[in-house]
Amino acid sequence: MAIAVEFSAVSRHYGAEDKAVKAVDDVTISVAEGEFFSMLGPSGSGKTTCLRLIAGFEQPSLGSIKIFGKEAAGTPPYEREVNTVFQDYALFPHMNVLDNVAYGLSVKGVAKLEAYKRAEHALSQVALGEYGKRKPGELSGGQRQRVALARALVNKPRVLLLDEPLGALDLKLREQMQLELKTLHKKLGITFIYVTHDQGEALSMSDRVAVFNRGRIEQVDSPRNLYSLPKTSFVADFVGTSNVVNRDLAEQITGNNQPFSIRPEHINIYDNQKNVMKVTGEVADIQYHGATSKIEVAINGQLLAMVLSNTENTEAQLPKIGQKLTLSWPQSRMVML
Amino acid sequence: MQYATRSLSTTSNPVLRWLSNTLYRKSNLFLFLLLTPPLLWFGVVYLGSLFALLWQSFYTFDSFSMSVSNDLTFDNYRALFDATNLDIILRTLSMAVAVTLACACIAFPIAYYMTRYGSRAEKGFFYIAVMLPMWASYIVKTYAWTVILSQQGILYWCINQLGLSSALNQVLQLPAIGGNTLATSNLGRFMVFTYIWLPFMILPIQAALERVPTNLLQASADLGARPAQTFRKVLFPLVFPGVVAGSIFTFSLTLGDYIIPQLIGPSGLYIGTMVYTMQGSIGNMPLAAAFTVVPIVLIFIYLALAKRAGAFDAL
């Protein structure tokens, strides 16, 4: 399959050379055509800068960026076959919704009638066919989000860039939009590059995820591998929740000082199982989360978290704070770091 | 239980406490107290004198006895359309339009640079540079320009050094613009007007530019618009209200000015100098009042045109 976007040793520095801030530091990735690729990381980790480098709002300080094999460095945004859905939508406030969506076509010289026809079609695809005459200010957040999507897609980009597009929406709407975006991606078959700091979003939607930390890439992998086989302690900690066990405690549990991570849902209460790792501590806190309860156990000052499903059975035998508790987990679930 | 004994209000004075609680609960009363003094000032002093002016413009002036009687008449307004008076109005109006256009063209790049490229320190410098001329006396600045524009002045010297004096002479021979020297030409007057009112154009445009989020410009580029298209379709429409606000200043200030036309440029009255002459040396207060209504009407027409052009759609 063709490569849509390729970063080779790309860096983006700000400020004077000696004390430059490295927003993006030696990043190499390639995104395949048709892929749903996410860039995940905390704020300031360089993921948005990478997106802006693809869009052309920023130029790399070092390295090369190729879009469908063509060197993109030096090409202005208006000559790239990519379109962006902005974090706060960036809809033009002085134009109505239809003019917003038709904008990309009209600046490229598509005849007015044709542009409006295609814009109306794009709007109806995001279920906003009736809203063309309204101003963006009269729409709700979710509707603006759809307009921004229609405005980008009407140009038939080969790569769609999405910069935390669901960040401003409430939980229910966000989940609904996640589903719609995924459906849209399948239907259109174009490349989606999706920036988010929400690991749940990245895991549930993407084909592959790149985890960013301090301008560098920690790991690029499928969501399943990222979750079950994190390569660094940062990934283990940032993607999902994980207990990262330090050297001292690892030595106490396994007998050697190799740190490891273990997911809370893989930890059980010890019940004479065979061939398991186990450790005893004191229950420090119990948090109720509806479907599950999270139990935090303190061992020599380090907390290990485990999750219990709240069934009739387990709720009756929920441990008490301060109680001694022995935890166990299958060795196969441990990820050495 | 410490909290139970502590007073919740920060003041222990019962009267003050009653007062602040009452004002807090009855926000309309608070608003009333807050707005009455400025509204009285605005209503009585400002609008009152404006209506007095309007009223006096209907009084009768007896040119034989040089006295004003309060018999009401439309004669003063009819007189505005006499050839000489209409000439004054058109002369002032065309200067106001020219000055406004020039100010807008000069102010936009300056304001754009301030907003988009200036660092904090540069912005501060620009603010002061723009405002500084406003701190100096307006009459001093105008007199300074008479020196700058005189034939022994620095501008002539510069033009001579550049070898452009023949070009200048040709420009000065043009009708409507030219004159004997820069200081007595409409061109010179136009330059001084543009200089004096420029800050009033820069600041509103700069404020409007400041409110345009950068990502709108990026979105435009992202959707395929070349910079010129982004300017025409996104930036300018969004900044247009600021341009209109600035042009209201430059337009109305030029319409009402009576100092610059006296000191610089050819003879021939402006609305401002006409009002000055009518109410000062001649004592024809009614005609002066009628002339004063002209800029007000022109501004209303201008605003109506601006509204039709969509100037306030982006607000």
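Residue numbering note: each chain is counted from 1, following its sequence as written. Whichever chain is written first becomes A and whichever ligand is written first becomes 1, with later ones labelled in order. A pLDDT threshold of at least 70 governs which residues receive local features in this predicted model, and a stricter bar of 80 or more applies before side-chain atom pairs are shown or counted, although totals over entire chains, interfaces and linings include all residues.

Visitor: A description of the overall build of chain A should follow, citing residues and the corresponding values.
Guide: Secondary structure elements follow DSSP: runs of H or I no shorter than four residues count as helices, runs of E no shorter than two count as strands, and numbering proceeds from the N terminus. The helix and strand tally for chain A stands at 10 helices and 18 strands. Backbone-placed C-beta atoms define the burial measure: a residue is buried with 20 or more other C-beta atoms within 10 Å of its own, exposed with 12 or fewer, and partly exposed in between. Across the 337 residues of chain A, 39% fall into the buried class. Here, residues touch in the contact sense if the C-beta positions derived from the backbone fall within 7 Å of one another. A separation threshold of at least 6 residues defines the contact pool for chain A, and within that pool the share at least 24 residues apart is 62%.

Visitor: A description of the domain arrangement of chain A should follow, citing residues and the corresponding values.
Guide: Residues and elements named next belong to chain A. The split of the chain into domains comes from an automatic or database domain assignment. One can read the domain layout of chain A as domain 1 (3-238) and domain 2 (243-336). Listed by partner, the interface residues are five residues for domain 1 and four residues for domain 2. Taken together, the residues of the side of domain 1 that touches domain 2 sort by class into three nonpolar, one polar and one charged. The nonpolar class holds Ala, Val, Leu, Ile, Met, Phe, Trp, Tyr, Cys and Pro. Asp, Glu, Lys and Arg form the charged class, and all remaining residues, Gly among them, are polar.

Visitor: Mind laying out the domain arrangement of chain B, listing which residues take part and the relevant values?
Guide: As far as domains go, chain B holds domain 1 (2-56) and domain 2 (78-308). One C-alpha centre belongs to domain 1 of chain B, the other to domain 2 of chain B; they are set 40 Å apart.

Visitor: Give a detailed account of the interface of chain A and chain B, specifying residues and quantitative values.
Guide: Taken residue by residue, the interface counts 17 residues in chain A and 16 residues in chain B. Elements with a minimum of two residues in the side of chain A that touches chain B: β6 (82-85) and α2 (97-107) of chain A. With three residues, α2 of chain A is the largest single contributor of residues to the side of chain A that touches chain B.

Visitor: So what's going on with the environment of isoleucine 296 of chain B? Which residues, and what values?
Guide: All names here are of chain B. With respect to the helices and strands, isoleucine 296 occurs in helix α15 (residues 285-308). Taking the C-beta count within 10 Å as the criterion, isoleucine 296 has 15 such neighbours and is therefore assigned partly exposed. When the C-alpha positions of isoleucine 296 and leucine 255 are compared, they lie 9.4 Å apart, and in sequence the two are 41 residues distant.

Visitor: Explain the environment of proline 241 of chain B to me, using residue names and the numbers behind them.
Guide: Of note, proline 241 of chain B is situated in helix α12 (residues 227-256). Between the C-alpha atoms of proline 241 of chain B and tryptophan 145 of chain B, which are 96 residues apart in sequence, the distance is 31 Å.

Visitor: Go over the sheet that holds strand β13 (residues 268-269) of chain A with me, naming the residues and quoting the values.
Guide: What links the strands of a sheet is backbone hydrogen bonding, and the strands pair in either a parallel or an antiparallel sense. All names here are of chain A. We call two strands paired when DSSP finds no fewer than two bridges between them. The antiparallel open sheet is built from five strands, whose spatial order is β13-β17-β14-β15-β16. Edge strands, defined here as strands with exactly one partner in the open sheet, are β13 and β16 (302-309). Taken together, the eight bridges between strand β15 (residues 292-299) and β16 define a ladder with antiparallel strand orientation. When the bridges of β16 are listed, alanine 298 appears paired with leucine 303.

Visitor: Quick one: what's the story with the nonpolar core, residue by residue and with numbers?
Guide: Each nonpolar core consists of buried Ala, Val, Leu, Ile, Met, Phe, Trp, Tyr and Cys residues. Their C-beta atoms, within 7 Å, join them into a set. Judged by nonpolar contacts, the single largest core of 143 residues is most densely connected at Ile54, Val101, Ala150, Ile193 and Val211 of chain A. With 12 residues, helix α10 (residues 186-210) of chain B is the largest single contributor of residues to this core. What alanine 150 of chain A contacts, discounting residues up to four positions off in sequence, is Val101, Ala122, Leu123, Gln125, Val126 and Leu128 of chain A.

Visitor: Let's hear about unusual backbone geometry: which residues, and what values?
Guide: Residues and elements named next belong to chain B. One non-glycine residue, methionine 66, lies in the positive phi region at around 55°. On the basis of neighbour count, methionine 66 is assigned to the exposed category, with 10 C-beta atoms found within 10 Å. Within the chain, alanine 176 stands out as a residue other than glycine whose phi angle is a positive 70°. Counting through the fold element by element, alanine 176 comes out in the loop between α9 (165-172) and α10. For alanine 176, a count of 10 C-beta atoms within 10 Å puts it in the exposed group.

Visitor: Run through the packing of α10 of chain B against α12 of chain B, naming residues and quoting values.
Guide: Residues and elements named next belong to chain B. The axes used here are C-alpha line fits, helices contributing only the stretch in contact, and every angle between their N-to-C directions lies in the interval 0 to 180 degrees. Between α10 and α12, the shortest axis-to-axis distance is 8 Å and the interhelical angle comes to 160°. Judged by the angle between their axes, α10 and α12 are roughly antiparallel. The handedness of the crossing between α10 and α12 is right-handed. Of α12, the residues touching α10 (which contributes Phe193, Trp197, Phe200, Met201, Pro204, Ile205, Ala207, Ala208 and Leu209) are Val239, Pro241, Gly242, Val243, Ala245, Gly246, Ser247, Phe249, Thr250, Leu253 and Thr254. Among the residues forming the contact of α10 with α12, the class breakdown is 15 nonpolar, five polar and no charged. Roughly parallel means an angle under 35 degrees; roughly antiparallel, over 145; roughly perpendicular, 65 to 115; everything else is oblique. Here a crossing is called left-handed whenever its near helix is offset anticlockwise from the far helix by less than a right angle, and right-handed whenever the offset is clockwise.

Visitor: Lay out the pairing of strand β14 (residues 276-288) of chain A with the relevant residues and their values.
Guide: Residues and elements named next belong to chain A. Of the strand pairs in this sheet, β14 and strand β17 (residues 324-330) are connected by seven bridges, and their pairing is antiparallel. Its bridge partner lying in β17, methionine 277 is registered against tryptophan 329. Strand direction decides the pairing type here: β14 and β15, joined by six bridges, are antiparallel. Considered in β15, the bridge of glutamate 282 is made with alanine 298. Hairpin connection, β14 to β15: the antiparallel pair is bridged by three residues, and glycine 290 has positive phi, about 85°.

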